[in-house]
Structures are given as C-alpha cells and as structure tokens.
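Secondary and tertiary structure notes
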Amino acid sequence: MFLSSPRGTFALPIFMNNVENRFITLIAIIYCVGIAGFIIPSLNPTFIWLTPYNIIAAFIFAWIFHKKWEAKHVALIITVGVLGFFLEYAGVTTGKIFGSYHYGKTLGRGWQGVPYLIGLNWAALVFFTSSLLAGRFSNPYGASFLGASLMTLYDFFLEPVAMRYDFWHWHRGIVPLQNYIAWFIAAFLFQLLLHLNTKPQRNKMAGAMYLIQLGFFLILYVWIRIF
C-alpha cells in the first residue's frame, strides 16, 4: 500500500534521502562537539578514548547508506584495508617508506606496533573519496589522481593533530616530505586498484564523511598552529 500509488513510489527514496541528510547533520554536530573535546584539556582523555570507535562508526554509517552493493567493490575495499595495514607495518619496521615514525596508544590494539584500525582507515579514506568523486570522471587514472590528492590533503592536516594526540609520532616531531610523497603514491595505487576493477558508486554519506573529517582536522590543525 505504501508504494502502490504513483505518488507513493517516490516516498521511500525521498524518506531515505531525508534520513540521510539528518544523519549527516547529526554527524557534523558530533564532530563539532569533538573539536571542543580535543581543544579543552579536561575533555581530552574522553575524546581520545572515543577515537577508535569514531573511525569504526564513520565507516559503518557510510556503508549503511550505500545504495548499490557489489561484492567486488566490497572485496576491493577490504583488500585496500589489508594492503594498507601491511604497508604501515613495512613503514614502521623499516622507516624507509614514509620516514621514521611509531604509533601511540590512541588507535588501540594492533600487531607488531601497528594498530589494526590503521588498515580500516586506509579502506575508509579510499571508499570515502572514491564515492565523493564517483561519476565525475570517466578516466580511472584521472579519478585516481584526484582521489589520491584529496587523501594527501587530508593527511597534511591530520599529521600535526596525530602527533599532538598520540595517534603516532615522527622522529624529532618533524613530518618528512617523504611521507606525503609516499602517501600520495600509495593512495593513487589503491584508488587505481579500485577504479580499474569496479565502478565506484556515488555515496552521499561517504562523501560527507570525508568532508566532515577534513574540516575537523583542518580546524584542529589551525588551533595547534596558533596555540
């Protein structure tokens, strides 16, 4: 009965869009609260403790609102997460990929000094950016280049925040240029793996997650530089 009338056939998509928009607004508000939590010293322990759960929740919410599930697409995102984890393992172990760094305690448990969540973070960023750009570029190399650029921009604002709040730490507290070059190359290859083997679908929630998180780290980046 709900979908039987001509007008009713549009009710479900419109309802879903309204729910999605409300969730995006709610998530934006939560991240604004999070900014305050990271800035106010007395609230730091609580919000730092919540960081791993936030990473997981962002990834899950983006998939919940994904409108066209494909096994191959999901498998490729999982593959990116696994490859990203072992890339970080090689990076920490050798110091020759991104530079000399080590992880702190904020991202939670891991293996051989590498948090499990860092693999999920790679998968999430590739998923978010490819979803944001889906349908805008027919050339997979162009889409991968821009996706990698968005991920490197994200990392640029993330790095000082990561060091301040014990995500990870660089030798002498200096982020080497090598890190951004390696990050871009890895991001480009991950994006290309996705774009050459499947067609990413537009996902409003996933794109919003990228933009909200980028804004979050941008504001904290400015705060850290000033104070």
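This text gives an overview of the structure that appears in the document. All values derive from a computational prediction rather than experimental measurement. (Residues numbered from 1 in each chain as written. Predicted model: local features only at pLDDT ≥ 70, side-chain atom pairs only at ≥ 80, totals over all residues. Heavy atoms only, no water.)

Here's the deal with the side chain of Asn 44
Following the sequence through the fold, Asn 44 ends up in helix 2 (residues 44-64). Since its relative accessible area comes to 16%, Asn 44 is described here as buried. Dropping the residues within four chain positions of it, Asn 44 is found in contact with Gly 37, Phe 38, Ile 39 and Tyr 165. (Helix = DSSP H or I, 4+ residues; strand = E, 2+ residues; numbered from the N terminus. Buried < 20%, exposed > 50% of the residue type's maximum accessible area, 1.4 Å probe, protein only. Contact = heavy atoms within 4.5 Å.)

Some words on the pattern of salt bridges
Tallying each qualifying case throughout the model produces two salt bridges. For the salt bridge of Lys 67 with Glu 20, the shortest nitrogen-to-oxygen distance reads 3.2 Å. Note that Lys 67 is positioned in the loop between helix 2 and helix 3 (71-94) and Glu 20 in helix 1 (residues 11-39), a separation of 47 residues in sequence. In this structure Lys 67 comes out as exposed when scored by relative accessible area, which is 58%. The salt bridge involving Glu 70 is made with Lys 68; its shortest N-O contact spans 3.9 Å. (Salt bridge = Lys/Arg side-chain N within 4 Å of Asp/Glu carboxyl O.)

Remarks on helix 6 (residues 177-197)
For helix 6, with 21 residues, the first-to-last C-alpha span of 31 Å sits near the 30 Å given by 1.5 Å per residue. Among all positions in helix 6, only Asn 179, Tyr 180, Ala 182, Trp 183, Ala 186, Ala 187, Phe 190, Gln 191, Leu 192, Leu 194 and His 195 are buried. Against helix 3, helix 4 (117-133), helix 5 (140-164) and strand 4 (168-170) lie the buried residues of helix 6. (Expected span 1.5 Å × (residues − 1).)

Quick look at empty space enclosed by the protein
One pass over the full model with this rule turns up one cavity of 30 Å³ or more. In this structure, the largest cavity occupies an estimated 80 Å³ of space. Together, Glu 88, Phe 98, Tyr 101, Tyr 103, Ile 118, Asp 155, Glu 159, Trp 168, Trp 170, Asn 179 and Trp 183 line the largest cavity. Only strand 1 (101-103), helix 5, strand 4 and helix 6 provide two or more residues apiece to the lining of the largest cavity. (1 Å grid on protein atoms, 1.4 Å probe; cavity = no way out; pocket = protein on both sides within 12 Å on 5 of 7 lines; lining within 4 Å. Points joined across faces, edges and corners; volume = space filled by probe spheres on them.)

Some details on helix 3
Here helix 3 is 24 residues long and its end C-alpha atoms lie 34 Å apart, about the 34 Å a rise of 1.5 Å per residue gives. Residues of helix 3 that are buried in the fold lie against helix 2, strand 1, strand 2 (110-111), strand 3 (114-115), helix 4 and helix 6. Phi for Gly 95, located one or two positions after helix 3, is positive at around 70°.

Considering the packing of helix 4 against helix 5
It is the contact of helix 4 with helix 5, at a shortest axis distance of 9 Å, that shows an interaxial angle of 125°. Taken as axis vectors, helix 4 and helix 5 run oblique relative to one another. The chirality of how helix 4 crosses helix 5 is right-handed. Contact with helix 4, carried on its side by Trp 122, Leu 125, Val 126, Thr 129, Leu 132 and Leu 133, involves Ala 143, Leu 146, Gly 147, Leu 150, Met 151 and Tyr 154 of helix 5 and no other residues of that element. Broken down by class, the residue content of the contact of helix 4 with helix 5 amounts to ten nonpolar, two polar and no charged. (Axes fitted to C-alpha atoms, helices over the stretch in contact; angles between N-to-C directions. Parallel < 35°, antiparallel > 145°, perpendicular 65-115°, else oblique. Left-handed = near helix turned anticlockwise from the far one by under 90°. Nonpolar A, V, L, I, M, F, W, Y, C, P; charged D, E, K, R; others polar.)

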